[in-house]
Protein chains: 2
Amino acid sequence: MAATYKAPLRDIRFVLHDVLDVSRIAELPGYEDATPDIFDAVLEEAAKMCENELFPINRSGDEEGCTFENGVVRTPAGFKEAYKTFIEAGWTSIAADPKYGGQGLPKTLNFVIEEMICSANLAFGMYPGLSAGAYNAIAAHATDELKQRYLPKLGDGSWSGTMCLTEPHCGTDLGLIRTRAVPADDGTFRVTGTKIFISAGEHDLTENIIHLVLAKLPGAPEGTRGISLFLVPKFIPDDQNASGARNGVACGSIEHKMGIKASATCVLNFDDAVGWMVGEPHRGLQAMFTMMNVARLAVGMQGLGIGEAAYQGAVDYARDRTSGRALTGAKYPDQSADPIIVHPDVRRNLLTMRALNEGARALSYWIGTEIDIAHHHPDPATRQAADDLVQLMTPIIKAFLTDIGFDNANRGVQIYGGHGYIREHGMEQYVRDARITQLYEGTNGIQALDLVGRKLPTGMGRLLRRFFHPVDAYIAGKKGDAALKDFTGPLAKAFQRLQQATAGLAQKAMANPDEAGAAATPYLRMFALVALAYMWTRMAEVATAKIAVGEDVAFHTAKLKTGRYFMEQVLPEHLSAFAVAMAGARTVMALDDDEF
Amino acid sequence: MAATYKAPLRDIRFVLHDVLDVSRIAELPGYEDATPDIFDAVLEEAAKMCENELFPINRSGDEEGCTFENGVVRTPAGFKEAYKTFIEAGWTSIAADPKYGGQGLPKTLNFVIEEMICSANLAFGMYPGLSAGAYNAIAAHATDELKQRYLPKLGDGSWSGTMCLTEPHCGTDLGLIRTRAVPADDGTFRVTGTKIFISAGEHDLTENIIHLVLAKLPGAPEGTRGISLFLVPKFIPDDQNASGARNGVACGSIEHKMGIKASATCVLNFDDAVGWMVGEPHRGLQAMFTMMNVARLAVGMQGLGIGEAAYQGAVDYARDRTSGRALTGAKYPDQSADPIIVHPDVRRNLLTMRALNEGARALSYWIGTEIDIAHHHPDPATRQAADDLVQLMTPIIKAFLTDIGFDNANRGVQIYGGHGYIREHGMEQYVRDARITQLYEGTNGIQALDLVGRKLPTGMGRLLRRFFHPVDAYIAGKKGDAALKDFTGPLAKAFQRLQQATAGLAQKAMANPDEAGAAATPYLRMFALVALAYMWTRMAEVATAKIAVGEDVAFHTAKLKTGRYFMEQVLPEHLSAFAVAMAGARTVMALDDDEF
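Residues numbered from 1 in each chain as written. Chains lettered and ligands numbered in written order. Predicted model: local features only at pLDDT ≥ 70, side-chain atom pairs only at ≥ 80, totals over all residues. Heavy atoms only, no water.

- Naming follows an unreviewed UniProt entry, where chain A appears as Acyl-CoA dehydrogenase of Tistrella bauzanensis.
- For chain A, the Cofactor (unreviewed entry) comment in UniProt is given as "FAD".
- The Sequence similarities (unreviewed entry) field of the UniProt record for chain A holds the comment "Belongs to the acyl-CoA dehydrogenase family." (UniProt positions renumbered as here; feature names shortened; annotations may be inferred.)

Below is the structure:
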């Protein structure tokens, strides 16, 4: 049987309304219209679009892939039609600024829709996803003239955007880029160089493609402090803002990849292309980070999206496929064998997927609401506090959600057994598609370094306290609650170990930065598990209260059972991460480079 | 840069000669010729074959895949030629019985060669691998007439073999198979039914293909006690033993898979095909298990093979690719950036791969030598003891080595960053190829159940004691050795936890079999990590002694450093596995089937 997908609206509503109370968002200036009812109405429409338009072309898009011929990239069958439906329904302009024709809805809502899109069709989601990144960078850093010219078209989806960072010899280390931008007499620039791995760099979905390109001005300082950002359209808009003359940028080839085959990954050659500077000279990297941070969170949602789709496929199969009998005796004696969902090891895989997905959903939506608060709250201190938390959690959400997305895709395949390895069932595609999310927008190793090297030291641990203080207060407030002891007990112990690891790391890293580098990955993992344990405890509190008043007892009971599984069977992974994070850099650094 | 492969002969020699002392094998009756010198000479030739013949067609074989047209399967370009070279050099007959033209060399040697073949070209290795399985089943269970007719041709590789178990509706649960075998007047049978997932089921490498098929006789008992095994050749050999008339078996299609695309995975339709019974009526599953057990160990070697290839590719890339500077300051100041091998997180990935590979190599080769002892030792008690250990370790080697093979392939991709996702570099192929090893020959969940449900209870823990007693004695003997304390200390603690988990599991499983099922996977993982810690301690002992006498100090120093990394940074994973194995089935079984 082939994988299916239904947007998990019941769980989404639970998180948004009952755990996070998004009615708070409608109290923020500018978001008055974003009431809980509107959330639900928009999400129901988004669910239909994902289930009916995007999911049906996911497998076929993977089989066909993009094609490249004479500089032209064609997306797979159905993508143009689906994209047209997508933009006509306004899905690209959900969170766009009303000043430029957008709907001005909260980022939280966008987060949820991103999860659904990525469950349904990760490759498709790349196109509007990149446009949103370009939109944000232009909105934050470009001149009013550029905003007027580009934001409406990016917002309504008739044009799309890209982020052009990587070059053949450098990805993470952008200080080494060689693309040059030379000033012209008219205030524009001429951009020349080669960029690789450019998602949506060329395709047939939109009239125009707006590239945001990192390049160096003549005489720019060495390294990352000499990089500027340029807007380079594929077609230079004329005065009526229609796509005009073809600019000096061409697609040289597309990559043959492991997955997301319907997403065109392009080599772009810029040859004296006309560009406009975005932001200040030599400050391009900072401007690009506006896109990168949003993009990193969006990539985290890709991981969650794939994990959810894999879970749904796996549950369907585990109910349908029969093999053997329950260890305690036949549970379906009228069938020739029991469905495999009765087997403890199958349940372990399913429950691990589910507990991670639902925990990750709660964590990421929470951070979504904090983004809205950071942007719209009237009180600057509240905005700062929210932004601090978002900064802290960005590498964790990017790395952890993509790691579990990949792992969950693999658990899905495992439940299908040999059938999971066959393309027609759709499960192995999730594995191949998910794999990129651990690599792009900064590998997950880079995310871990960002957490320990940048986010922890910021303001002497100020960002960290935005998470530690509320968790500490929450545990203190709930520890006497007998109904929650299966949750608060393990949470408190794990949280205490996280504090211990944090203190140890801070101390050791001051003496030797390799200590931070060596501990980064297990530390991030441990942090994420504790964050999920916190969200699961909050969810358990809500579920317990709902059961007490008899509200949707079936849903909340399953939620509690899944939460208990998380605390007993998933959270213990932090013990190993703790031990490894505390073990120190000694053995990591002991080998000489030539001893490998 | 594309991945490369050199057989790790230095490390192989270390394990075979210095850790396991394979000169003991030449003392076994029948293996007198298998001296250490012969081992080395054969392995050097095998290395050349793998590096020069098989590895060069690995990537191209993946790109081209097998094709199916009008019932005919074609392997990718170069496979026929490579196979011809392979069999002409005698590689299929290494461990085959001299009575039927084989070379009669030890299984240990075969194990090592299998690792190399799977590093170089996993898909290619499937063809001789399946033949070896068929060879073993015929050698163990068939009549002399069948042996005379089939073993020489299977041994010299001019014919190949298959294992036909799975049907569309059942894989693991073979009691449900529907393929029927009706006796004919001449003592043969007529086999009818459909088998799926038949590796090497049809191809163009050999003159004939010998299928070993599970089927039911008329009136056979229900379930697994009513299954018989039949030999069904594609062409029925004539009296001169040349391939004669085409038999009633045809390939209906080949699967489109995630990986091992150069290995033909076939649907086989048997339609009144002439077959010969192998072994006793209704005892086919037992006979098939002769193949399965060998095949499971061989699949473990596939995992190790891929892990080794991934490590080599990743190290090459980590030395070559430059990005950023070492956290403690530039280590290669003459370059514009340091190679990424200086970064702690890159080292973590590389060292984890290496520590797992080298530990797994030692463990699996050890079990290889025990197979030779089990088959050839003059003393029955010694044979039994060796066989017990092999039985115990088979599910561990299959599941753990394939899990780490897949994980290591992914670590390799991670080190390549975005480049790892591009097909031309070859790293993502390792991920796709490795993924099948966790699924076939019994999923890794099934292996874990085999360990806790069959192997642990056998003889009231007799199999288990074959491992626990020597480890216990070893720790007791070495605990005073100050030079080894970085190894014996962590080993002793982890071993004690394994004993505790074993006792807890035995007790709980008696009351409720779901307890065994729920703990199986983390228990197997923990067991494997402790087994690797034991092998690492033994390797550290040897390396320490070699360094003391000044023998190849560079190699043995790197070995010690890698071993310390294992004990400090990898072994702690057993803490989580222990906690989860001890947590019990409660939360695993709590959800009703319809609550998922």
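So that's the structure; there's more coming.
**Examining the overall build of chain A**
- In terms of helices and strands, chain A carries 17 helices and eleven strands.
- Taking 2.2 N^0.38 as the reference for a compact globule, 596 residues should give roughly 25 Å; the C-alpha atoms of chain A span a radius of gyration of 24 Å, in line with that estimate.
- Overall size of chain A, expressed as C-alpha extent along the three principal axes, is 80 × 60 × 60 Å.
- When each of the 596 residues of chain A is scored for burial, the buried share is 63%.
- Charged side chains in chain A number 58 positive and 71 negative. The centres of these two groups are separated by 5 Å. (Helix = DSSP H or I, 4+ residues; strand = E, 2+ residues; numbered from the N terminus. Rg over C-alpha atoms; globule rule 2.2 N^0.38 Å. Buried < 20%, exposed > 50% of the residue type's maximum accessible area, 1.4 Å probe, protein only. Lys, Arg positive; Asp, Glu negative; His and termini not counted. Charge placed at Lys NZ, Arg CZ, Asp CG, Glu CD.)

**Re the UniProt feature "domain: Acetyl-CoA dehydrogenase-like C-terminal" (unreviewed entry) in chain A**
- Residues annotated in UniProt with the feature "domain: Acetyl-CoA dehydrogenase-like C-terminal" (unreviewed entry) correspond here to residues 467-592 of chain A.
- Across residues 467-592 of chain A, helical content stands at 86% and strand content at 0%; the span's end C-alpha atoms are separated by 38 Å.

**Details of the UniProt feature "domain: Acyl-CoA oxidase/dehydrogenase middle" (unreviewed entry) in chain A**
- With numbering matched to this structure, UniProt assigns "domain: Acyl-CoA oxidase/dehydrogenase middle" (unreviewed entry) to residues 163-272 of chain A.
- Helix and strand shares over residues 163-272 of chain A are 0% and 47% respectively, and the end C-alpha atoms of the span are 18 Å apart.

**A closer look at the pattern of salt bridges**
- Enumeration over the complete set of coordinates arrives at 66 salt bridges over all chains.
- For Glu308(A), the salt bridge is made with Arg361(A), and the minimal N-O distance between the two is 2.8 Å. Here Glu308(A), found in helix α7 (residues 284-320), pairs with Arg361(A), found in helix α8 (residues 344-376); they are 53 residues apart in sequence, far enough to count as distant. When sorted by exposure, Glu308(A) lands in the same class as Arg361(A), which is buried.
- Across the pair Glu568(A) and Arg586(B) runs a salt bridge, and its minimum N-O distance is 2.3 Å. (Salt bridge = Lys/Arg side-chain N within 4 Å of Asp/Glu carboxyl O.)

**Examining the relation of the copies chain B and chain A**
- Of the two same-sequence chains, chain B is brought onto chain A (RMSD 0.0 Å, axial shift 0.0 Å) by a rotation of 180°. Taken together, the rotation and translation relating the two chain copies correspond to the operation of a two-fold axis. Relative to the rotation axis, the closest C-alpha in chain B is found at Ser576(B), a distance of 2.8 Å.
- A shared binding surface is used by both copies, with 100% of the interface residues of chain B retained as interface residues in chain A. (Least-squares fit on C-alpha atoms with pLDDT ≥ 70 in both. Contact = heavy atoms within 4.5 Å.)

**A look at the side chain of Asn58(B)**
Residues and elements named next belong to chain B.
- On the secondary structure map, Asn58 appears in helix α3 (residues 58-64).
- Judged by relative accessible area, Asn58 falls into the buried class, the value being 5%.
- A distance of 3.3 Å separates a polar atom in the side chain of Asn58 from a polar atom in the side chain of Gln429.
- When sequence neighbours within four positions are dropped, the list of residues in contact with Asn58 reads Ala120, Asn121, Leu122, Gln429, Tyr430 and Asp433. (Polar contact = N/O pair within 3.5 Å; in protein donor to acceptor, adjacent residues only side chain to side chain.)

**Points about the interface of chain B and chain A**
- At the junction of the two partners, chain B supplies 97 residues and chain A supplies 97 residues.
- Overall, the association of chain B and chain A removes approximately 8,100 Å² of surface from exposure, summing both partners, and the carbon and sulfur fraction of that is 55%.
- Counting across the interface, chain B meets chain A through ten salt bridges.
- A salt bridge links Asp486(A) to Arg586(B), with the shortest nitrogen-to-oxygen separation between them at 3.9 Å. (Buried area = accessible area lost by both parts, 1.4 Å probe.)

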